Protein chains: 2
Amino acid sequence: MKPSLVKGTRDFGPAVMQRRKHIFNTIETVFKKYGFMPLETPAMEQLETLTGKYGDEGDKLLFKILNSGDFAANANDEIWQSKASNKLTSHISEKGLRYDLTVPLARYVAMNRNEITFPFKRYQMQPVWRADRPQRGRYREFWQCDADIIGSDSLMNEADLLCIAAEVFEKLGVGISIHLNNRKILEAIASKFEIEAKFNQFVIIIDKLDKVGFETLIPEFEALGLSQSNCFELEGFLTKMPFSMNSIYLIQDKLNGIDKSEKGCLELSDIFNFIEHTGGSNFIKIDLSLARGLEYYTGTIIEIKANDIKMGSISGGGRYDNLTGVFGLPGVSGVGISFGIDRIYDVMEELNLFTNVAQTEVKAMLCHLDENGRNFNYALANELRKEGISIEVFPDIKKLPKQFEYAEKKGIPIVIITGDDEISSGKLSYKNLITKEQGKIGRNELGGFLK
Amino acid sequence: MKPSLVKGTRDFGPAVMQRRKHIFNTIETVFKKYGFMPLETPAMEQLETLTGKYGDEGDKLLFKILNSGDFAANANDEIWQSKASNKLTSHISEKGLRYDLTVPLARYVAMNRNEITFPFKRYQMQPVWRADRPQRGRYREFWQCDADIIGSDSLMNEADLLCIAAEVFEKLGVGISIHLNNRKILEAIASKFEIEAKFNQFVIIIDKLDKVGFETLIPEFEALGLSQSNCFELEGFLTKMPFSMNSIYLIQDKLNGIDKSEKGCLELSDIFNFIEHTGGSNFIKIDLSLARGLEYYTGTIIEIKANDIKMGSISGGGRYDNLTGVFGLPGVSGVGISFGIDRIYDVMEELNLFTNVAQTEVKAMLCHLDENGRNFNYALANELRKEGISIEVFPDIKKLPKQFEYAEKKGIPIVIITGDDEISSGKLSYKNLITKEQGKIGRNELGGFLK
């Protein structure tokens, strides 16, 4: 048979893995510096845990696991005869694959509420699966790296997440803009134009602003009931503003007296105060056009985009006030951020930002001319490994050029050649495959040399 | 709804994750020292990649993914009406979850044969899924950590894998015995007793030896055609022997002139020679009773058990000569070892070997009496994080005992208390929650103090 991959999934070979690990490790290190602790949840969840959490569209994108054994025997006969796939699913499938890391987190918190230390700061870096149509930047198996704080209302948590994002992308060398909004302010804007009842439609239109100009959307806003002067005013709201107290005063002034606007602006200014204490961050922008579908967000909304490159958001998050409610634990507020590893990878590759990631940690390869040399090398390699040095011995008896070729392809910088002369003199020949420098080195100095 | 986990799967909370990461990191560090490079493959494989690779029993244990969309529409009507689950599966499911890491490796190598640098030394640490009945040490989602060398016949590779196992378990503090066998010698023994044709049955009986005594199995061996004196001689073969040239000579002597025995013993002695060059390892035993079902092994067979504890094997592997053949790439020899993380975890927990694993990397928590203190702390925390120090600020305005309780539960060793006096004097109060030591420290010395 000619093997193939499942559509929308990928193998990650050694070179790609080294780069992916660089991203994962960078994010994990920063998460830990802020006191987040690791959590992992199973790939499979009960289907009833997942369904109804991501909208109708999301339900369709869930990968479902066929029940084991004689699954058809347990299916209702009438539905079976109808061959109605949508009704049959729950009869032959009880489990589904994780669609994101947020619902599993909510389930975990609800199930372990008595053991968890609140505020619960957890990070989670695992793959998720969606039966989406694959395209550029969109895969059926992809990785999320999430950090959430559950059980604290403090806006300091929002500030922490913004600092984390800034530090992660600084370490990765990716220039970014962080867009910041608050659902309460969006609601206040809808109130001002007296279209509270059409809030969802309003948001859906705003969400398009990123792809088309404001002009194009005017007819849609007008259809919702906005006048021409409303639209003019709205355009002002939706223009990005610097993250400053001045901007916040301006918004508050324009929405003066409108329900929720004060609370929304207070939340923004709380975040600003914390960020100011860290020296500030000039790549944060207030962006009232940022909606992120709003799903479950109730306060802060965050979205991060890479500069200098056309790609959707590479990170995003926000505050949700009732995440665990559906699992029987109401009134717990949380805020989180999610890094999309696969898109970050694509961005970094396009910007050529992996030049500092080593192809291998192996410091040298020991080459030999015959079995005698290989035995000598084997003992030597094991001594060096005891010192913590990564090293390889070519396993087969092959000509030197073959051995060098292996080292070169794997990106091993140094080869050491052991022949009878080298064994008797204790002076080993080395060659740096990058600088082409050659020389001799005593067996006992080798450890220090390679370190 | 009251949420629950899928049977046989587990959440790994922060405390467990810290310990699991300790195991993963230890293994990964050792793999890298020997020049193995990371590979990751998708959770989902084409069902045809997986079926037929693990025997009939294995096929039943595969988790299958229901096709997306109107899966029933594409199913054959006649089979649909029969409700015969086993025949229906391939009509409504095209994908399955990874059952181990070996078949995905074979698929990867076959698909990427032209890009791979051989010998291909890869490690892979990912979960696998089996619809098995859950019990002690057996889960439906569990992790394998595999290292394999593909495309080299050298027995040096076997020696490397044995050294890796020895080093991993030494680092983890787990006392082990490594059992070593070679399929060729088992075949020679079957030849000697003239039961080559019943080799599979022979192996199935031998495989039971671990659970019952030899006496119990005599009737089964006799049923295969062994005489009483054959059985007596067989018992001698199946007694564990020290890993030494003497043992190997002894085996060779007893199997003198029998097909394959010489090759099998030569492979053992080659491994011994390499291991001897590393100073030897006295926890390796020759164990001709080791069969491991034999599945695809053609030469070396390795199995590792923890001393002082009743648990199945915690690691195992061997050489297979035709792994990629089924995917259209014949004649490639490989050898590998697999670490069963979940069992290793259970063993370490039972032996109380996690005492050195820190509950958190956070060095200190900054506590406050009011908003003023929290702002001060927030700026201070971000300075310390710039020095690479993991630190937390309690996010909410709460009484000190609440803040201390949080630090204690999370295992944060030091709390620092910031009040107005501390801010004005620049001298911060600290308390070590473990030693109960208290004192004052200058703001500028704090970084050094915490490092």
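Within any chain, residue numbers begin from 1 and follow the written order of that chain's sequence. Chains carry letters and ligands carry numbers; both start at the beginning, A for chains and 1 for ligands, and go up in the order they are written. It should be noted that, the model being predicted, local features are given only for residues of pLDDT at least 70 and side-chain atom pairs only at 80 or more, the latter also being counted only at that level, while totals for whole chains, interfaces and linings use all residues. Derived side-chain values reflect all non-hydrogen atoms in the structure, with water molecules and hydrogen atoms excluded from consideration.

Draft legend 1. A look at the overall build of chain A. Per the convention used, a helix needs a DSSP run of H or I reaching at least four residues, while a strand needs a run of E reaching at least two, with both numbered from the N terminus. Scanning chain A from N- to C-terminus turns up 18 helices and 17 strands. This radius of gyration counts C-alpha atoms alone. The globule rule is 2.2 Å times how many residues there are, raised to the power 0.38. Taken against the 2.2 N^0.38 rule, which gives 22 Å for 451 residues, the C-alpha radius of gyration of chain A at 28 Å runs more than 25% over that of a compact globule. Principal axes of the C-alpha set define a box for chain A whose edges measure 90 × 65 × 45 Å. Buried means the residue's accessible area, taken with a 1.4 Å probe over protein chains only, is under 20% of the maximum for its type, while exposed means over 50%, and partly exposed covers the values in between. Across the 451 residues of chain A, 60% fall into the buried class. Whether two residues touch is decided by their heavy atoms; if any such pair falls within 4.5 Å, the residues are in contact. Contacts in chain A between residues far apart in sequence, at least 24 positions, make up 68% of those at least 6 positions apart. Element-wise, carbon and sulfur atoms account for 48% of the exposed surface of chain A, whose accessible area totals about 18,600 Å². Positive charges come from Lys and Arg, negative ones from Asp and Glu, while His and the chain ends are left out of the count. Lysine's charge is taken at NZ, arginine's at CZ, aspartate's at CG and glutamate's at CD. Distance between charge centres in chain A, computed from 56 positive and 62 negative side chains, equals 5 Å. Only the protein chains shown count as cover for residues, with accessible areas throughout obtained via the Shrake-Rupley method and a probe of 1.4 Å.

Draft legend 2. Representation of the sheet that holds strand β8 (residues 241-242) of chain B. All names here are of chain B. Each pair of strands is called paired provided DSSP finds at least two bridges between the two strands. Taken together, the 9 strands give an open sheet; going across it, the order is β1-β5-β6-β12-β11-β10-β7-β9-β8, and neighbouring strands pair in mixed fashion. In this open sheet, the two edge strands, each paired with only one partner strand, are β1 (37-38) and β8. Only the stretch in contact is used when fitting a helix axis, every axis being a line fitted to C-alpha atoms; angles between N-to-C directions are given from 0 to 180 degrees. Strands in contact with helix α13 (residues 261-277) are β7 (176-182), β9 (284-286) and β10 (300-306); relative to β7, the strand with the most contacts, it is inclined by about 145 degrees. Relative to strand β12 (residues 334-340), helix α14 (residues 341-350) is tilted by about 45 degrees, and along the sheet it contacts β6 (141-150), β10 and β12.

Draft legend 3. Up close: the interface of chain A and chain B. Contacts between the two partners involve 107 residues from chain A, matched on the other side by 107 residues from chain B. Buried area is calculated as the accessible area (1.4 Å probe) missing from two parts once they are joined, with the contributions of both summed. Carbon and sulfur atoms supply 61% of the area buried between chain A and chain B, which totals about 9,300 Å² over both sides. When a carboxyl oxygen of Asp or Glu lies within 4 Å of a side-chain nitrogen of Lys or Arg, that pair is called a salt bridge. Linking chain A with chain B are 12 salt bridges, by the criterion used here. Between A:Arg385 and B:Asp160 there is a salt bridge, and its shortest N-O distance comes to 3.7 Å. Whenever two N or O atoms come within 3.5 Å, that pair is a polar contact, provided that in protein one can donate a hydrogen and the other can accept it, and provided that, for residues adjacent in sequence, both atoms are side-chain atoms. Scanning the region where chain A abuts chain B turns up 50 residue pairs in polar contact (both at pLDDT 80 or more). Strand direction decides the pairing type here: strand β3 (residues 64-66) of chain A and strand β3 (residues 64-66) of chain B, joined by 2 bridges, are antiparallel. Across the sheet, residue A:Ile65 finds its bridge partner in β3(B), namely B:Ile65.

Draft legend 4. Up close: the pairing of strand β13 (residues 364-368) of chain B. All names here are of chain B. Taken across its 5 residues, β13 has 5 buried, putting it largely inside the fold. Pairing of β13 with strand β14 (residues 391-393) involves 3 bridges; the strand directions are parallel. If you follow Ala 364 over to β14, its bridge partner there is Ile 391. Taken together, β13, helix α15 (residues 371-386) and β14 form a β-α-β motif whose crossover is right-handed. Here 5 bridges tie β13 to strand β15 (residues 414-418), and the two strands are oriented parallel to one another. In the sheet register, Cys 367 faces β15, and the bridge partner there is Ile 417. Orient the strands so they point away from the viewer, and a crossover whose first-strand-to-second-strand path over the helix runs clockwise is right-handed.

Draft legend 5. The arrangement of helix α12 (residues 245-254) of chain A in detail. All names here are of chain A. Buried within α12 we find Ser 247, Ile 248 and Ile 251. What you see down the axis of α12 is that its buried residues fit within an arc of 100 degrees, all on one side. Residues Asn 246, Tyr 249 and Asp 253 are exposed on α12 and point more than 90 degrees away from its buried face. Where α12 is buried, its residues touch α8 (183-192), β8 (241-242), α13 (261-277) and β9 (284-286). Each direction from the helix axis to a C-beta atom contributes to the arc, which is the arc of those directions.

Draft legend 6. Main features of the pairing of strand β16 (residues 427-432) of chain B. All names here are of chain B. Relative to β16, β15 runs antiparallel, the two being bridged by 4 bridges. The residue of β16 that forms the bridge with Ile 416 is Tyr 430. Taken together, the 5 bridges between β16 and strand β17 (residues 438-442) define a ladder with antiparallel strand orientation. Counted as the bridge partner of Lys 431 is Gln 438 from β17.

Draft legend 7. Structural view of helix α16 (residues 400-410) of chain B. Listing the buried residues of α16(B) in full gives B:Gln403, B:Phe404, B:Tyr406, B:Ala407 and B:Lys410. Buried residues of α16(B) fall within an arc of 155 degrees about the axis and therefore sit on the same side.

Draft legend 8. View of the pattern of salt bridges. For the structure on display, the rule yields 64 salt bridges over all chains. Between B:Glu392 and A:Lys121 there is a salt bridge whose closest N-O contact spans 3.0 Å. Taken together, the residues B:Glu392 in strand β14 and A:Lys121 in strand β5 (residues 120-129) connect one chain to another. Residue class for A:Lys121 comes out buried when judged on its relative accessible area of 5%.

Draft legend 9. Spatial organisation of the relation of the copies chain A and chain B. In screw terms, the move from chain A to chain B is a rotation of 180 degrees and a rise of 0.0 Å along the axis, fitting with an RMSD of 0.0 Å. On this basis, the relationship between the two copies can be described by a two-fold rotation axis. Within chain A, A:Ile65 has its C-alpha nearest the rotation axis, a separation of 2.2 Å. In this assembly, 100% of the residues forming the interface of chain A have copies in chain B that are likewise at the interface, indicating an isologous arrangement. Least squares is used to superpose the copies, and the fit set is the C-alpha atoms of residues whose pLDDT is at least 70 in both copies.

Draft legend 10. Structural view of the packing of aromatic side chains. Between rings of Phe, Tyr and Trp, where Trp is taken as its six-membered ring, a pair exists when centres lie within 6.5 Å; planes separated by under 30 degrees are stacked, by over 60 edge-to-face, and by other angles tilted. One pass over the structure, following the stated rule, counts 29 aromatic pairs over all chains. Following the ring pairs from residue to residue traces out a cluster consisting of A:Phe31, A:Phe36, A:Tyr123, A:Phe169 and A:Phe339. Only when the NZ atom of a Lys or the CZ atom of an Arg is both within 6 Å of the ring centre and within 35 degrees of the ring normal do we say a charge sits over the ring. The aromatic ring of B:Phe36 is capped on one face by B:Lys121, whose charged end is 5.1 Å from the ring centroid.

Draft legend 11. How the structure looks around the side chain of A:Lys410. Relative to the elements of secondary structure, A:Lys410 occurs in helix α16 (residues 400-410). Side-chain polar atoms of A:Lys410 contact the side chain of A:Glu392, separated by 2.8 Å. Excluding its chain neighbours within four sequence positions, the residues that come into contact with A:Lys410 are A:Gln359, A:Thr360, A:Glu392, B:Gly35, B:Met37, B:Thr117 and B:Lys121.

Draft legend 12. Structural detail: the environment of B:Leu238. All names here are of chain B. Mapped onto the secondary structure, Leu 238 falls in helix α11 (residues 228-238). What makes Leu 238 buried here is its relative accessible area of 5%. Excluding residues that lie within four positions of it along the chain, Leu 238 makes contacts with Ile 206, Leu 209, Phe 214, Asp 287, Leu 288 and Ser 289.

Draft legend 13. The arrangement of the sheet that holds strand β7 (residues 176-182) of chain A in detail. Residues and elements named next belong to chain A. Ordered in space as β1-β5-β6-β12-β11-β10-β7-β9-β8, the 9 strands form an open sheet in which the pairing is mixed. Strand pairing shows two members of the sheet lacking a second neighbour, β1 (37-38) and β8, which therefore form its edges. Direction of pairing for β7 relative to strand β10 (residues 300-306): antiparallel, over a ladder of 7 bridges. Bridge assignment links Asn 182 to a residue of β10, and that residue is Thr 300.

Draft legend 14. Just the confidence of the model for chain A, in detail. Summarising the model, chain A shows a mean pLDDT of 94, and 99% of its residues fall at 70 or more. As a predicted assembly, this complex carries a pTM of 0.96 together with an ipTM value of 0.95. The pLDDT value expresses, per residue, how confident the predictor is, ranging between 0 and 100.

Draft legend 15. Region of the structure containing the state of the cysteines. Here, the term disulfide refers to a pair of cysteine sulfur atoms separated by no more than 2.5 Å. Summed over all chains, the structure comprises 0 disulfides over all chains. Here A:Cys145 is not disulfide-linked; the sulfur of B:Cys145 is the nearest cysteine sulfur, at 19 Å. Using a relative accessible area of 0% as the deciding quantity, one classes A:Cys145 as buried.

Draft legend 16. The arrangement of the side chain of A:Gln403 in detail. All names here are of chain A. Along the chain, Gln 403 turns up in helix α16. Take Gln 403: its relative accessible area is 0%, and that puts it in the buried class. With sequence-adjacent residues up to four places away left out, Gln 403 is seen in contact with Met 365, Cys 367, His 368, Phe 394 and Lys 398.

Draft legend 17. Region of interest: the packing of helix α7 (residues 156-172) of chain A against α13(A). Residues and elements named next belong to chain A. For the pair α7 and α13, interaxial distance at closest approach is 8 Å and the crossing angle is 50 degrees. The orientation of α7 relative to α13 falls into the category oblique. Handedness of the α7/α13 crossing: right-handed. Facing α7, whose interface residues are Met 156, Glu 158, Ala 159, Leu 162 and Cys 163, α13 presents Ile 271, Phe 274 and Ile 275. Gly counts as polar in this scheme, as do all residues outside two lists: the nonpolar Ala, Val, Leu, Ile, Met, Phe, Trp, Tyr, Cys and Pro, and the charged Asp, Glu, Lys and Arg. Of the residues in the contact of α7 with α13, the class split is 7 nonpolar, no polar and 1 charged. To sort the angles, those under 35 degrees are grouped as roughly parallel, those over 145 as roughly antiparallel, those from 65 to 115 as roughly perpendicular, and the leftovers as oblique. By convention, the crossing between two helices is left-handed when the near helix turns anticlockwise from the far helix through less than a right angle, and right-handed when the turn is clockwise.

Draft legend 18. Just the environment of B:Lys398, in detail. All names here are of chain B. Checked against the element boundaries, Lys 398 lands in the loop between β14 and α16. A C-alpha to C-alpha distance of 24 Å links Lys 398 and Pro 14, two positions 384 residues apart in sequence. With residues up to four places along the chain from it excluded, the contact list for Lys 398 reads His 368 and Gln 403.

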